[in-house]
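Fold and geometry: a report
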Amino acid sequence: MVSRDREAQWAEWMRAGIRGDSQAYHRFLADVTPYLRAAARRGCARASVPVSEAEDVVQDVLIALHLKRGSWDPARPLGPWLQVILRHKLIDAFRRRGRTASVAIDDFAELIAAPQDEAIDDRRDAMRLLRQLKEGQQEIVRSISLEGQDVRETAQRLNMTEGAVRVALHRALKTLARLYHGGQNENG
Amino acid sequence: MKTDELLTLLSADTAPVRPLRRMLSVALAIGFLVSALVMIATVGMRPDLAVAMIEPRVVAKLSVTLLAAASSAVLVFRIGRPGVPLGRTLRALLLPAALLAAAVAIELSVLPPDHWKASLIGRNALFCLFFIPVLSAVPLIGFLWAMRAGAPERPGWAGAACGFSAASMAAFIYAFHCPDDSPLFVMTWYVIAIGLVTLTGAAAGRRLLRW
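Along each chain, residues carry numbers from 1 onward, in the same order as the chain's sequence is written. Chains and ligands are labelled sequentially in the order written, the chains with letters from A and the ligands with numbers from 1. For a predicted model such as this one, the threshold for reporting local features is a pLDDT of at least 70, and the threshold for listing and counting side-chain atom pairs is 80 or more; totals across whole chains, interfaces and linings nevertheless cover every residue. Note: side-chain values were computed over all heavy atoms of the structure, leaving out hydrogens and water.

Per an unreviewed UniProt entry, chain B goes by the name DUF1109 domain-containing protein and belongs to Xaviernesmea rhizosphaerae.

Spelled out as structure tokens, the structure:
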């Protein structure tokens, strides 16, 4: 169960992350993901959308809360902010499937964390999404996410400055966010 | 990509977080300054401003537009932040509307009916329709630019709020030039001009503020 304490802990990690502590930020993301997953699966089940879609929504939500974290006021509780982002992304996913189900998100405090399930998750064709990035961005994303190198190692290997790698990574995430919410079907 | 790998990717992105509130503040300050300077540098303040400032119709015009600009700015600062309730903020928008309605009612009671039409049409209606949107441009672009850091649940409505706030601010600035003081004029031409910019903002928001 997500206790109030856990939510406060998330907020604490998030605040540290906003100040630039990427370890605390990673802890927040890793800790919140199973709860997002549980809520996304429940949302999908209620809307009669295959639960296998849930992991896509989870990833979409993670990118959104990363890119939009400036819209969270550190003085306010984190839970309502997370819930609205999750609901927005669920509605978005259902709409793309032609559903207009209303989405009720449970209080995170009522959820039980759901671990990743290899059998049904990760069905998204990652390579297809990555291929839509610019070549340099693809390489950087692969290096950091799939090969587990950090920004400095990636910069050395690709003969780039760390700054350039960071900029390219941030742009790549913005592009991925667009691709996740169906941007590949639009002009640009 | 596995979710774990995505987490690694996200936490490797150390681009500084740009707080929405700060970006909106910057947009508000720049928008207000630019619009005020454009008004002063082109059409200028009305020559009789010092005397006019104590005229009840001018006081009403400035109060209505300032109240609209202030209450809608509060809305702009809240609408892009998930989980922040909007109920009271939306109700506050009724204040400038109520004040304008009261001013119109008083105007109708003190002004003989054969003057109503002339007061409503005024002297500069078309220029007002043109210039309030012109003065809105920089504040609107600034608000939309800042709002892209936000996460509005309804992008069209967020864009409309940006447009309404930018246009109300522009109307307040324009009021220092505008020679037409009757609440009947404000109720008609100011409201149409603000409405046009609000619609523009809504259309832009639907395109630019999706996430």
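This brings us to the overall build of chain A. A tally of regular secondary structure across chain A gives eight helices and zero strands. Secondary structure elements of chain A occur, N-terminal to C-terminal, as α-α-α-α-α-α-α-α. Think of it in three bands: residues with accessible area under 20% of the maximum for their type are buried, residues over 50% are exposed, and the middle band is partly exposed, with areas taken using a 1.4 Å probe on protein chains only. Burial statistics for chain A: of 188 residues in total, 51% are counted as buried. The contact definition used throughout considers only heavy atoms, calling two residues in contact when any of these lie within 4.5 Å. Taking contacts inside chain A between residues at least 6 apart in sequence as the whole, the part at least 24 apart equals 65%. Only DSSP runs of H or I reaching four residues or more are called helices, and only runs of E reaching two or more are called strands; each is numbered from the N terminus.

Residue and element names in this part refer to chain B. UniProt positions are given in the numbering used here, feature names are shortened, and annotations may be inferred rather than shown by experiment. Here, UniProt's "transmembrane region" (unreviewed entry) annotation points to residues 26–46, 58–80, 92–112, 124–145, 157–177 and 189–209. The distance separating the terminal C-alpha atoms of residues 26–46 is 28 Å; by composition the span is 76% helix and 0% strand. The span residues 157–177 carries 86% helix and 0% strand; its end-to-end C-alpha distance comes to 30 Å.

Another point: empty space enclosed by the protein. All names here are of chain B. Using a grid of 1 Å spacing that covers the protein atoms alone, one calls a set of points a cavity when a 1.4 Å probe fits there but cannot get out, and a pocket when the set is open and has protein on both sides within 12 Å along at least five of seven lines; lining residues are those with an atom within 4 Å of a point. Grid points are joined across faces, edges and corners, and a volume is the space filled by probe spheres set on the points. Summed over all chains, the structure comprises one cavity of 30 Å³ or more. Lining the largest cavity we find Arg-57, Ala-60, Lys-61, Val-64, Leu-100, Ala-103, Asp-181, Ser-182, Pro-183 and Val-186. Breaking the lining of the largest cavity down by element, the ones donating at least two residues are α4 (56–79), α6 (94–110) and α10 (183–208). Here the element with the most residues in the lining of the largest cavity is α4; it accounts for four residues. Partitioned by chemical class, the residues of the lining of the largest cavity number six nonpolar, one polar and three charged. Residue classes follow a fixed rule: Ala, Val, Leu, Ile, Met, Phe, Trp, Tyr, Cys and Pro count as nonpolar, while Asp, Glu, Lys and Arg count as charged, and any other residue, Gly among them, counts as polar.

On to the packing of α4 of chain B against α6 of chain B. Residues and elements named next belong to chain B. Packing of α4 against α6 brings their axes to within 8 Å, and their N-to-C directions diverge by 165 degrees. One way to sum up the angle between α4 and α6 is to call them roughly antiparallel. Taken as a pair, α4 and α6 cross one another with a handedness that is left-handed. Across the interface between the two elements, Arg-57, Ala-60, Ser-63, Val-64, Leu-67, Ala-68 and Ser-71 from α4 touch Leu-95, Pro-96, Leu-99, Leu-100, Ala-103, Glu-107 and Val-110 from α6. Looking at side-chain class alone, the contact of α4 with α6 contains ten nonpolar, two polar and two charged residues. Axis lines are fitted through C-alpha atoms, for helices just across the contact stretch, and the angle between N-to-C directions can take any value from 0 to 180 degrees. Orientation labels follow simple angle bins: below 35 degrees gives roughly parallel, above 145 gives roughly antiparallel, 65 to 115 gives roughly perpendicular, and whatever is left gives oblique. When the near helix sits turned anticlockwise from the far one by under a right angle, the crossing is termed left-handed; a clockwise turn instead gives a right-handed crossing.

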